[in-house]
Amino acid sequence: MSLLIRNAQVLTFDGGRIWPEADIHVADGRILAIGPGLCPETPPARVIEARGMLAMPGLINAHFHSPGNFLRGALDGLPLEVFMLYEVPPLATGVPVKRLNYVRTMLGAVEMLRQGVTSVMDDAFHIPVASAEGIDGIAEAYRDSGIRARLAIDQPNVVEYEKFPFLAELLPADIRAGMAAAPIQPAEELLELYDHLIARWDGAAEGRIGAALSCSAPQRVTLDYFRALSALSAKHDLPFNCHILETKLQRVLGEEKYGRSLVRLVHDLGVLDERMVVIHAIWIDADDIALLAASGATVAHNPVCNLRLGSGVMPFRALRDAGVPICIGTDEAVADDAINPWAALKMAGLVHTLSEVDYRSWPAAPEILHCMMTGGARALRWPDIGRLVPGARADIALLDLDSLPFTPLNDLHRQLVFCEPASAVRMTIVDGRVVFEDGRVTTVDERALRQEARALTEGYRAEFAPAIAEARRLEPYYRAMYLQAQARDVGLQRRLTR
Ligand SMILES: [Zn+2]
């Protein structure tokens, strides 16, 4: 399929170049040429008149968990450690996990495509255990939706109370024993599932679907499994997702359990490298930043999620000054409930005014967009996305400049970041295929999808009730742990608290 997009303003993300008016010739999923008045030798299959439109690379959502897609608005704001107690997906009885995962994933993919998102990295967890059919359900949804996606298996494999400081001592013996007896998926089984994911899905759909690794977080897996994941990441050159120092409690955990910061722990284990995507990196100190910079790892910034869970503000400027690449994500739909990367961009443009006195340190709009595009491509280890240049993948969003977010047009970059122009997205193209136009996603019956999603979650409250009751029973112990950690002076502050 070949396309010729005519007369668009083109924001390339290639050294700041903007074409005031140019054509984009696309064939076989790639951009062949960009320039004014292109006349391809072979007539294109479709000509798209885009005068008055902005053509830009599709957005890259570099951190996401699709299993949260049915949970938008399900919870009040809670700190991560309490939040995770309640974060149990609605597994309707009798629904095959493959179908559930397919519909749930498709729902998020559709929402992203409608907003001009063309790539996502899904750090997907599985409740209670990961399975090949569950993985296939997610991957098939991404394949069928038309979006570009990398998929990881985010499956902890240690006893619950080992992931936290103080908790084992705080819990009554019967609860502790119950946690110790809960099923844990052995590392060998998880590695077999990774073999399945990589063999079946890495490079599928003409390279549009890819695998990624995930340990969830260093404290949530055994060291052997952690090292095995890192080795797989190196062997296949795949991104390795790792949540590190999202909360103050995790800083305290590092001190208590490992006698060092979790960033230094990961460095000392030899797994902090350029393939790692360090998610959140809020409660990091100067030593951590130096280690991150030396490693080449990319940090995933999820500013809406961080505010939703009260985690604090990531030291954006210190990371950037040290040369650490940053990408941007929405995290999950119960911690950034709109799956809206435009809102994440805007929040990234706002929240750092809280922690930096010198206004010259506040991130500027081009810098934030650069993080999403260049940082996103780096995090996903797909260098051919995030730019509109000949040879790059044809992942393109067309935005209507005759729309309220751009009226009047004062500054393109600032209006992209601060005016939340999702409503101006008219067309989304992934790998040279039009997947969203005329207000609808072309690859799926959206109405039927929404109906099935509602049907699958019909028993939601009934299914959710026991989980909520169990979480309420546990919350006092988690709250005590949380407060104990907050009382500790860890030598740095990432919140506006005393
Ligand atoms: Zn996450």
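Residues numbered from 1 in each chain as written. Predicted model: local features only at pLDDT ≥ 70, side-chain atom pairs only at ≥ 80, totals over all residues. Heavy atoms only, no water.

1. Section: the sheet that holds strand β13 (residues 298-301)
This is how it is decided: A pair of strands is considered paired only if DSSP assigns at least 2 bridges between the two. Counting from the N terminus, the helices are the DSSP runs of H or I reaching at least four residues and the strands are the DSSP runs of E reaching at least two. Angles here are taken between N-to-C directions and fall from 0 to 180 degrees, while the axes themselves are lines fitted to C-alpha atoms, restricted in helices to the stretch in contact. Contact criterion: two residues are considered in contact whenever any of their non-hydrogen atoms come within 4.5 Å of each other.
One open sheet accounts for 5 strands, arranged β10-β11-β12-β13-β14; its pairing is parallel. Strands with a single pairing partner mark the edges of an open sheet, and in this sheet they are β10 (213-216) and β14 (326-328). When strand polarity is set aside, the average angle formed by the axes of neighbouring strands in this sheet is 30°. Where β10 meets strand β11 (residues 240-244), 3 bridges bridge the pair, whose relative direction is parallel. Across the sheet, residue S214 finds its bridge partner in β11, namely N241. Contacting β10, β11 and β12 (276-280), helix α8 (residues 223-236) crosses the sheet at an angle of about 160° to β10. Contacts from helix α15 (residues 365-380) reach β12, β13 and β14, with the element oriented near 100° to β14.

2. Some thoughts on helix α11 (residues 286-295)
Which entries qualify depends on this criterion: Categorising residues by exposure relies on relative accessible area from a 1.4 Å probe, with only protein chains included: less than 20% of the type maximum marks a residue as buried, more than 50% marks it as exposed, and the intermediate range marks it as partly exposed. Here the arc refers to the directions that run from the helix axis out to each C-beta atom. Polar contact criterion, stated in full: a pair of N or O atoms within 3.5 Å, where within protein one must be able to donate a hydrogen and the other to accept it, and residues adjacent in sequence count only if both atoms are side-chain atoms.
All of the buried residues in α11 are D288, I289, L291, L292 and S295. Taken down its axis, α11 places every buried residue within 160° of arc, on the same side. In α11, the exposed residues that point more than 90 degrees away from the buried face are A286 and A294. Buried residues along α11 sit in contact with α9 (248-258), α10 (262-268), β12, β13 and α13 (316-321). If you check the start of α11, you find a side-chain oxygen 3.1 Å away from the backbone N of D287, and it comes from D285. Looking one or two residues beyond α11, the residue adopting positive phi is G296, at roughly 85°.

3. Let's talk about the coordination of the zinc ion
Put simply, the rule reads: Distances define the donors: N, O and S atoms within 2.8 Å of the metal qualify, as do those within 3.2 Å of Na, K or Ca. Water is excluded, so some sites may look unfinished.
Listed as protein donors to the zinc ion are H63 (NE2), H65 (NE2) and H243 (NE2); their distances from the metal cover 2.0 to 2.2 Å. All donors of the zinc ion come from a single chain, and their spacing in sequence reads H-x1-H-x177-H. Of the two residues, H65 sits in strand β6 (residues 59-65) while H243 sits in strand β11, which places them 178 residues apart along the sequence. For the residue pair H65 and H243, the accessibility class agrees, reading buried in each case.

4. Side note on the nonpolar core
Put simply, the rule reads: As used in this record, nonpolar core signifies buried Ala, Val, Leu, Ile, Met, Phe, Trp, Tyr and Cys residues forming a set joined through side-chain atoms within 4.5 Å.
The biggest cluster of nonpolar side chains holds 152 residues, and the ones touching the most others in it are M56, F226, M276 and L416. Residues contacting L416, with those up to four places away along its chain left out, are L11, L54, M56, W342, L369, L399, F406 and P421. Of all hydrophobic cores here, the second largest spans 21 residues; its members include A8, L388, A394 and I429.

5. Description of the pairing of β6
Among the 7 residues of β6, 7 are classified as buried, and the element is accordingly described as predominantly covered. Of the strand pairs in this sheet, β6 and strand β7 (residues 117-124) are connected by 4 bridges, and their pairing is parallel. Bridging from a neighbouring strand, I60 pairs with S119 of β7. Here 2 bridges tie β6 to strand β15 (residues 331-332), and the two strands are oriented parallel to one another. What sits directly across from F64, in β15, is D331.

6. So, the packing of helix α3 (residues 132-145) against helix α6 (residues 187-201)
Test applied: By definition in this entry, angles of less than 35 degrees are roughly parallel, angles greater than 145 are roughly antiparallel, angles of 65 to 115 are roughly perpendicular, and the rest are oblique. Crossing handedness: left-handed means the near helix sits turned counterclockwise from the far one by under a right angle, and right-handed means the same turn made clockwise. The nonpolar class holds Ala, Val, Leu, Ile, Met, Phe, Trp, Tyr, Cys and Pro. Asp, Glu, Lys and Arg form the charged class, and all remaining residues, Gly among them, are polar.
Where α3 contacts α6, the axes come no closer than 10 Å and their chain directions differ by 30°. Between α3 and α6, the crossing angle belongs to the class labelled roughly parallel. Judged by the sense of rotation from one axis to the other, the crossing of α3 with α6 is right-handed. Contact residues: A132, I135, D136, A139, E140 and R143 in α3; L193, H196, L197, R200 and W201 in α6. Across the contact of α3 with α6, the residue classes break down as 6 nonpolar, 1 polar and 4 charged.

7. Details of the pattern of salt bridges
The following threshold applies: Salt bridge, as applied in this entry: a Lys or Arg side-chain nitrogen positioned within 4 Å of an Asp or Glu carboxyl oxygen.
Under the counting rule described, the total for this entry stands at 34 salt bridges. In this structure, R381 and D237 form a salt bridge, with 2.6 Å as the shortest nitrogen-oxygen distance. Placement of the pair is R381 in the loop between α15 and β16 (396-400) and D237 in the loop between α8 and β11, with a sequence separation of 144 residues. Under the relative-accessibility criterion, D237 is labelled partly exposed at 38%.

8. Considering a negative patch on the surface
Note the following rule: Note that patches include only residues with greater than 30% relative accessible area and no salt bridge, and the join distances are 9 Å for like charges and 5 Å for nonpolar side chains (Val, Leu, Ile, Met, Phe, Trp, Tyr). Under the convention used here, a 1.4 Å probe and the Shrake-Rupley method define accessible areas, while residue burial counts only the protein chains that appear. Positive: Lys, Arg. Negative: Asp, Glu. His and the chain ends are not part of the count. The atom standing in for a charge is NZ when the residue is Lys, CZ when it is Arg, CG when it is Asp and CD when it is Glu.
A cluster of like negative charges, contributed by E188, E189, E192 and D195, occupies part of the molecular surface. Inspection of the secondary structure puts E192 in helix α6. Look at E192 and you get exposed, because its relative accessible area is 54%.

9. Concerning the side chain of T428
Within the element layout of this structure, T428 appears in strand β17 (residues 425-430). Using a relative accessible area of 0% as the deciding quantity, one classes T428 as buried. Here L113 takes part through its backbone oxygen, which lies 2.8 Å from a polar atom of the side chain of T428. Those residues in contact with T428 that lie beyond four places of it in its chain are L113, G116, V117, T118, I396, R433, V434, V435 and F436.

10. Brief notes about the sheet that holds β7
Pairing within the open sheet is parallel, and its 5 strands lie in the order β9-β8-β7-β6-β15. Both outer strands of the open sheet, β9 (209-211) and β15, are each paired with one neighbouring strand and no more. The strands touched by α3 within the sheet are β6, β7, β8 (148-153) and β9, with β8 carrying the most contacts at an inclination of about 170°.

It is worth stressing that arrangement in space is one thing and function is another; only the former is reported here.
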